Amino acid sequence: MDTILYPLQWVVAWIMTGSHWVFARLGFGDGPGPAWVLAIVALTLIIRVALIPLFVRQIRASRGMQIMQPELQAVQKKYKGKTDPASREAMTRETMELYKKHGTNPFASCLPIILQSPIFFALFRVLNNLRGIAEGTHRTIGPIDRAVAHDIESSSLFGAHLSDVFLQTNSTVSRVVVIVLIVAMSVTTFTTQRQLTMKNMPKAALEGPMASTQKMMLYVLPLIFAVSGVNFPVGVLIYWTVTNLWSMGQQFYTIKRMPAPGSEAERLMKERQARKLAAKGITPEVVAQLDAPKQTTGQRVQPQRKNRKKKG
């Protein structure tokens, strides 16, 4: 595993040490200390900023999946109960045509998570190998030599060393910190999934097999993180908690500004827009005209304030 992930471990090591150098120059000090904790936070933010283009693609793909739900359900209803090969082939073909029509696929929304996974495991291996590097029993990783590894391993968050693992430490303080981080990681995962499914999906997308799967994942993913978190070093838990907070904020902004058509978030956005227009004195009739499809004449409807009426 280390051989396969070594190039990514090398990149992770350089980003961490580079970030540590910056924080040390800002007054957080060299050697063991909070600068290494902040270096992991910086690593997380750098990765998430780099993934913004993929996040935009994910949003577009998810929106396409949501918009096509009524058509997809119609295809599923059309072939319901038909198990012969010809019907199954026709259903698959029509489903793929829908994906092509809406420019999406069921796997596009998983891209950021899939691409983060190697980085996540690379960070896991870097932190997991710190003790071996510090003791000279494991090869160095980029700029992380014995001295640097000792400094990182000795750094702590509220008394828990960055390399501490719940199942491998006897420190009560470390175990409490790990539990708090696991809870934070699980709660942020649940909140992110819930605001996506409850606020940014049209009613049609909240029904059917795909909706049932998403509702199941709403509860399964936090449970998986809660169970697996006891095997992760504190540094990895910091990384995953920060990336969840980023995802939650990024998603909140996107849902508020660019909601999916027919969703609860879109209804709330239109209400906000209506209140702003009303505050400017624009009549409800003009608001309705602005929301209506554009006419082929190309003539633009000019907003009209209440106190400005056409003279007879």
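All of these numbers come straight from a predicted model, not from anything done at the bench.

Conventions and cut-offs
- Residues numbered from 1 in each chain as written.
- Predicted model: local features only at pLDDT ≥ 70, side-chain atom pairs only at ≥ 80, totals over all residues.
- Heavy atoms only, no water.
- Patch = residues over 30% accessible without salt bridge, like charges linked within 9 Å, V, L, I, M, F, W, Y side chains within 5 Å.
- Areas by Shrake-Rupley, 256 points an atom, 1.4 Å probe, with all protein chains shown as cover.
- Salt bridge = Lys/Arg side-chain N within 4 Å of Asp/Glu carboxyl O.
- Helix = DSSP H or I, 4+ residues; strand = E, 2+ residues; numbered from the N terminus.
- Buried < 20%, exposed > 50% of the residue type's maximum accessible area, 1.4 Å probe, protein only.
- Core = buried A, V, L, I, M, F, W, Y, C linked by side-chain atoms within 4.5 Å.
- Phe/Tyr/Trp six-rings, centres within 6.5 Å; stacked < 30°, edge-to-face > 60°.
- Lys NZ or Arg CZ within 6 Å of the ring centre and 35° of its normal.
- Axes fitted to C-alpha atoms, helices over the stretch in contact; angles between N-to-C directions.
- Parallel < 35°, antiparallel > 145°, perpendicular 65-115°, else oblique.
- Left-handed = near helix turned anticlockwise from the far one by under 90°.
- Contact = heavy atoms within 4.5 Å.

### Some words on a nonpolar patch on the surface
Taken together, the side chains of W21, V22, L26 and F28 define a hydrophobic patch exposed on the protein surface, amounting to about 430 Å² of accessible area. Note that F28 resides in helix α1 (residues 2-28). For F28, a relative accessible area of 39% translates into the label partly exposed.

### A look at the nonpolar core
I144 and I238 are the most contacted members of the largest nonpolar core, which totals 44 residues. Those elements that place two or more of their residues in this core are α1, α2 (34-50), α6 (111-128), α7 (130-135), α8 (146-154), α9 (172-199) and α11 (234-257). Core analysis: the second largest hydrophobic core is formed by nine residues, M68, L72, Y79 and A90 among them.

### Notes on the packing of aromatic side chains
For any pair of aromatic rings, the description rests on two quantities: the centre-to-centre distance and the angle between the ring planes. If you walk through the whole model with that rule in mind, you get four aromatic pairs. Relative to W240, the ring of Y239 has its centre 6.0 Å away and its plane inclined at 35 degrees; by these criteria the two rings are tilted. Neither Y239 nor W240 differs from the other in exposure class; each is buried. R139 extends its terminal NZ or CZ atom over the ring of Y6, reaching a point 4.1 Å from the ring centre. Above the plane of the ring of F166 lies R175, whose end atom (NZ or CZ) is 5.0 Å from the centre.

### Focus on the packing of α2 against α11
When two helices pack together, their arrangement is captured by the angle between the axes and the distance separating the axes. For the pair α2 and α11, interaxial distance at closest approach is 9 Å and the crossing angle is 40 degrees. Between α2 and α11, the angle falls in the class oblique. As for how α2 packs across α11, the hand of that crossing is right-handed. Along its contact with α2, which presents V37, I40, V41, T44, L45, I47, R48 and V49, the element α11 presents G235, I238, Y239, V242, T243, W246, S247 and Q250.

### Quick look at the pattern of salt bridges
Overall, the coordinates contain three salt bridges when judged by the stated rule. The shortest N-O distance in the salt bridge between R25 and D30 comes to 3.1 Å. With relative accessibility at 55%, the residue D30 sits in the exposed group. A salt bridge links R131 to E153, with the shortest nitrogen-to-oxygen separation between them at 2.7 Å. With R131 in helix α7 and E153 in helix α8, the pair connects residues that are 22 residues apart, well separated along the chain. On the accessibility criterion, R131 (47% relative accessible area) is partly exposed.

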